[in-house]
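Listed here are the chains, written in short residue letters.
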Amino acid sequence: MDLLKVSDLSKVEVQALLERAARLKDLQRKGVPQSSLLGRVLGLIFEKSSTRTRVSFETAMYQLGGNAIFISGRDSQVGRGEPIRDTARVMARYVDALVVRTFGHDIVEEYAQYSDVPVINGLTDMHHPCQVLSDILTITERRGTLDGLEVAWIGDGNNMANSWIEAAAVLGFNLKLACPAGYLPDAAFLERACAGTSAKIEIVGTVEEAAEGADVLNTDVWASMGQEAESDDRGAAFEKFQINSKVLSGAKKEAMVMHCLPAHRGEEITEEVLEGPNSVIWDQAENRLHMQKAILETLLT
Ligand code: CP
Ligand code: NVA
């Protein structure tokens, strides 16, 4: 089994991951050593920068008794044009699973097609499933349940927004997205993702409308990796799409403010809110580790 996007999982499978991640977090806190992945090796092929995803996956492997090997596009043959289908077949002869971070989602799909071992999406231009799964863990550990959950997405209709859309559709919580014109999630993707779900997933006109009564306020950078050349244009288009204390005041009093990081203070989020009492951002980052462990155990054992 591969994990390329949230919708590869059923609600029951997500719930099992959440329970296992919470259990593994507890065991880690209590210092109980784990060895479920003894002798197993994870390969990581990253064509974009990473701090959290790389370190949480590598640490997860070590803490479960396994090992990890990281290669970047730059210093592997991938960066020199060796075909994905060749790299995937060769890597699958060495390692027990692969985490791939890359640009087009078709690239990670090609890895999955040609690799005999599980492939995990560590971020593509289209999806960031492992991040959103760990974000859901952060929500459930504070709130207990996803019942009645109202999530707001403020900013770019990007990979993170897409994974939130799929999470809402699979798990059945409500999601309001406020994105600037021209930066909305792809309409065909949205329609496909929402087909048959009981969740209310809607695009709204203003940041205030998205934030109103929300349990969770979520944002991300205005220009994602690979979009650096668009930064100036995006800066102008996204000016009003910021989580600040005024926007936060429209949400529920105990609303959680989330950001997958890295953050650009003063752009998509103010320093005051990022460092304020509603921010759960550091727990969110920590939970990457616990959720990666649950994902790895599920795919490898
Ligand atoms: N949130 C996230 O994926 O962070 P990195 O880019 O540091 O991995
Ligand atoms: N949307 C961001 C997420 C970084 C973790 C990007 O793709 O750069």
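Throughout this document, residue positions are counted from 1 along each chain, in the order its sequence is written. Lettering of chains starts at A and numbering of ligands starts at 1, both following the order in which they are written. The predicted nature of this model means local features are confined to residues of pLDDT at least 70 and side-chain atom pairs, given and counted, to a pLDDT of 80 or more, with totals for whole chains, interfaces and linings taken over all residues. Note that water and hydrogens are dropped before the side-chain values are worked out from all heavy atoms of the structure.

(A) Structural context of the overall build of the protein. Secondary structure is summarised from DSSP: a helix means a run of H or I of at least four residues, a strand means a run of E of at least two, and numbering begins at the N terminus for each. The secondary structure content of the protein amounts to 12 helices and 9 strands. If you line up the protein on its principal axes, its C-alpha atoms span 50 × 45 × 40 Å. Note on contacts: a residue pair qualifies if any of its non-hydrogen atoms lie within 4.5 Å across the two residues. Restricting to contacts in the protein with at least 6 residues of sequence separation, those with at least 24 account for 75%. Reported accessibility uses the Shrake-Rupley method at a 1.4 Å probe radius. Residues are deemed covered only where the shown protein chains occlude them. Surface exposure of the protein reaches about 13,100 Å², of which carbon and sulfur atoms provide 48%. His residues and chain termini do not enter the charge count, which takes Lys and Arg as positive and Asp and Glu as negative. Every charge is mapped onto a representative atom, which is NZ of Lys, CZ of Arg, CG of Asp or CD of Glu. Taking the 30 positively charged and 44 negatively charged side chains of the protein as two groups, their mean positions are separated by 5 Å.

(B) Quick peek at the site of ligand 2. Taken together, Leu123, Asn158, Asn159, Asp220, Val221, Ser224, Met225, Cys260 and Leu261 make up the full set of residues near ligand 2. Here a polar contact is taken to be a pair of N or O atoms separated by no more than 3.5 Å, where protein atoms must pair a possible hydrogen donor with a possible acceptor and residues adjacent in sequence count only if both atoms sit in side chains. One of the side-chain N or O atoms of asparagine 159 is found 2.8 Å from an oxygen atom in ligand 2. Here methionine 225 contributes a backbone N or O atom positioned 2.8 Å from an oxygen atom of ligand 2. Protein chains shield 94% of the accessible area of ligand 2, which is 270 Å² for the free molecule. Residue classes in the shell around ligand 2 are distributed as 5 nonpolar, 3 polar and 1 charged. Near, as used in this document, describes a residue that has one of its heavy atoms within 4 Å of the molecule or strand being considered. Side-chain classes are defined by residue name, with Ala, Val, Leu, Ile, Met, Phe, Trp, Tyr, Cys and Pro counting as nonpolar, Asp, Glu, Lys and Arg as charged, and the others, Gly among them, as polar.

(C) Main features of the sheet that holds strand β4 (residues 119-121). A pair of strands is considered paired only if DSSP assigns at least 2 bridges between the two. Ordered in space as β2-β1-β3-β4, the 4 strands form an open sheet in which the pairing is parallel. One side of each edge strand has no neighbouring strand; the edge strands of this open sheet are β2 (67-72) and β4. Direction aside, neighbouring strands of the sheet carry axes that sit 20° apart on average. Here 3 bridges tie strand β3 (residues 97-101) to β4, and the two strands are oriented parallel to one another. In the sheet register, valine 100 faces β4, and the bridge partner there is asparagine 121. Each axis is a line fitted through C-alpha atoms, and for a helix only the stretch in contact is used; angles between axes span 0 to 180 degrees, taken between their N-to-C directions.

(D) Local environment of the site of ligand 1. Around ligand 1 sit Ser50, Thr51, Arg52, Thr53, Arg101, His128, Gln131, Cys260, Leu261 and Arg288, and those are all the residues in its vicinity. Contact between ligand 1 and glutamine 131: a nitrogen atom at 2.9 Å from a side-chain N or O atom of the residue. Calculation on ligand 1 without its partners gives an accessible area of 250 Å², and the protein chains cover 96% of this total. Cavity: a set of points on a 1 Å grid over the protein atoms alone where a 1.4 Å probe fits but cannot get out. Pocket: an open set with protein on both sides within 12 Å along at least five of seven lines, its lining residues, like those of a cavity, having an atom within 4 Å of a point. The way we define it, a molecule is inside a pocket or cavity when more than half of its atoms are within 2 Å of that pocket's grid points. Judged by the proximity of its atoms to the pocket grid, ligand 1 belongs to the largest pocket. Here the residues of the shell around ligand 1 are counted per class, giving 2 nonpolar, 5 polar and 3 charged.

(E) Region of interest: the pattern of salt bridges. Salt bridges, as used here, are contacts in which a Lys or Arg side-chain nitrogen is within 4 Å of a carboxyl oxygen on Asp or Glu. Per the stated rule, a full pass over the model turns up 17 salt bridges. Here aspartate 8 ties to lysine 5 by a salt bridge, and the two come within 2.9 Å at their closest N and O atoms. Of the residues examined, lysine 5 reaches a relative accessible area of 25% and is grouped as partly exposed. Linking arginine 20 and glutamate 297 is a salt bridge whose minimum nitrogen-to-oxygen distance equals 2.6 Å. With a gap of 277 residues between them, arginine 20 in helix α1 (residues 11-29) and glutamate 297 in helix α12 (residues 281-300) connect regions that are remote in the sequence. Accessibility here uses a 1.4 Å probe with only protein chains present; expressed as a share of the type maximum, an area under 20% marks a residue as buried, one over 50% as exposed, and anything in between as partly exposed. Since its relative accessible area comes to 28%, arginine 20 is described here as partly exposed. Glutamate 297 gets classed as buried once you look at its relative accessible area, which sits at 7%. In the salt-bridge network here, residues are joined through shared partners; they are Arg23, Asp26 and Lys30.

Interpretation note: all reported values are geometric properties and have no functional meaning in isolation.
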